Amino acid sequence: MTHSYNKACQGTNLYLVGLMGTGKSAIGKKLAKEKNKEFIDSDQEIEKSSGMSISQIFTKYGESHFRKLERKFIIDVQSARNCVIACGGGLCIPEGMMDLLKKTGKVVCLWASPETLVDRTKVDDSRPLLNVANPLLVLRNLLSEREMKYREADIIIETDHLSPDEVVREIVKHFPAD
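Residues numbered from 1 in each chain as written. Predicted model: local features only at pLDDT ≥ 70, side-chain atom pairs only at ≥ 80, totals over all residues. Heavy atoms only, no water.

## Regarding the overall build of the chain
Stage number 1. The secondary structure content of the chain amounts to eight helices and five strands.
Stage number 2. For the chain, the residues scored as buried account for 46% of the 178 residues in total.
Stage number 3. Pairs at least 24 apart in sequence give 75% of the contacts found in the chain among residues at least 6 apart.
Stage number 4. Carbon and sulfur atoms make up 49% of the accessible area of the chain, which totals about 9000 Å². (Helix = DSSP H or I, 4+ residues; strand = E, 2+ residues; numbered from the N terminus. Buried < 20%, exposed > 50% of the residue type's maximum accessible area, 1.4 Å probe, protein only. Contact = heavy atoms within 4.5 Å. Areas by Shrake-Rupley, 256 points an atom, 1.4 Å probe, with all protein chains shown as cover.)

What follows is the structure, encoded as structure tokens:
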């Protein structure tokens, strides 16, 4: 991957993690604008560099290959500063990934109930892990599997009953100088 991320600024990166549907991309864009930071979406960058959609990568190469692409993305983006980075839902889960994120920034976990996530993602067929008969069960299982890792974030913000603007205000309140 070849990127020209903002390396000149000295600000801290803010990494948004959490399950799919928590609002990482939508909130990330608003947060970047609010804090005058560059916005980067890990899934979009991986799609751009691979020339394939996330669904195509999963179908053709499998989840383990996709996780390797995520790791490479984070290593490549380590030199960036003053960015808001929306991470794919499983990006921070493999061993050592949360530590990589914390090396160059603060980690914000966006949290929502599986029921809220099903409601938010039901019209989006680009999520390979949810293209199943019972997406609620999948989300419950994913949350159960990933909860301990998500709890390693610097802060956790429950998004179930907050608008994107309210979530941004919460993050800014916790990290006013970042």
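## Section: the sheet that holds strand β3 (residues 83-86)
Stage number 1. Spatially, the five strands line up as an open sheet ordered β2-β3-β1-β4-β5, and their pairing is parallel. With partners counted over all chains shown, the strands left at the sheet margins are β2 (38-41) and β5 (155-158), one partner each. Neighbouring strand axes in the sheet, compared pairwise and without regard to direction, differ in orientation by 20° on average.
Stage number 2. Bridge count for strand β1 (residues 13-17) against β3 is three bridges, and the pairing is parallel. Its bridge partner being in β3, L14 is matched across the sheet by V84.
Stage number 3. Along the sheet, helix α7 (residues 135-150) makes contact with β1, β4 (105-111) and β5, crossing β4 at roughly 150°. (Pairing = 2+ DSSP bridges. Axes fitted to C-alpha atoms, helices over the stretch in contact; angles between N-to-C directions.)

## Considerations on the confidence of the model for the chain
Stage number 1. Looking at the chain, the pLDDT average stands at 88 and 88% of residues meet or exceed 70.
Stage number 2. For the stretch residues 1-9, pLDDT sits under 50, and the model shows 22 contacts to residues farther than four places along the chain or on other chains. (pLDDT = per-residue confidence, 0-100.)

## Side note on the pattern of salt bridges
Opposite charge on two side chains permits pairing when their charged atoms draw close.
Stage number 1. Across all of its chains, the model carries nine salt bridges by this definition.
Stage number 2. Among the ionic pairs, E170 bridges to K173, the shortest N-O distance being 2.7 Å. Of this pair, E170 and K173 both sit in helix α8 (residues 164-174), three residues apart, which is roughly one turn of that helix.
Stage number 3. Given a relative accessible area of 56%, K173 falls into the exposed group.
Stage number 4. Overlapping salt bridges bring together E63, R67 and E70 as one network. (Salt bridge = Lys/Arg side-chain N within 4 Å of Asp/Glu carboxyl O.)

## Considering the nonpolar core
Stage number 1. Of all hydrophobic cores here, the largest spans 35 residues; its most connected members are V17, F73, I74, I85, L101 and Y150.
Stage number 2. Among the secondary structure elements, those contributing two or more residues to this core are β1, α3 (54-61), α4 (63-77), β3, α5 (97-103), β4 and α7.
Stage number 3. Looking at which element gives the most residues to this core, the answer is α4, with five residues.
Stage number 4. Not counting residues within four places of it along the chain, the set of residues in contact with V17 comprises K24, C87, C92, L101, V107, V108, C109, L110 and Y150.
Stage number 5. Membership of the second largest hydrophobic core comes to 14 residues, among which are L14, I27, I155 and V168. (Core = buried A, V, L, I, M, F, W, Y, C linked by side-chain atoms within 4.5 Å.)

## Things to note about α8
Residue pairs three or four apart in sequence face the same way in an α-helix, which turns once every 3.6 residues.
Stage number 1. Taken together, the buried positions of α8 are occupied by V167, V168 and I171. Down the axis of α8, the buried set is contained in an arc of 100°. They therefore lie on one face. Facing away from the buried side of α8, by more than 90 degrees, are the exposed residues R169 and K173.
Stage number 2. Where α8 is buried, its residues contact β1, α1 (24-35), β4 and β5. (Arc of directions from axis to C-beta.)

## A few points about the pairing of β4
Stage number 1. Summarising burial for β4: six of the seven residues are buried, a large majority.
Stage number 2. Here β1 pairs with β4 via five bridges, running parallel. Counterpart to L16 in the pairing with β4 is V108.
Stage number 3. Looking at chain direction, β4 and β5 are connected through four bridges and run parallel. Bridging from a neighbouring strand, V108 pairs with I155 of β5.

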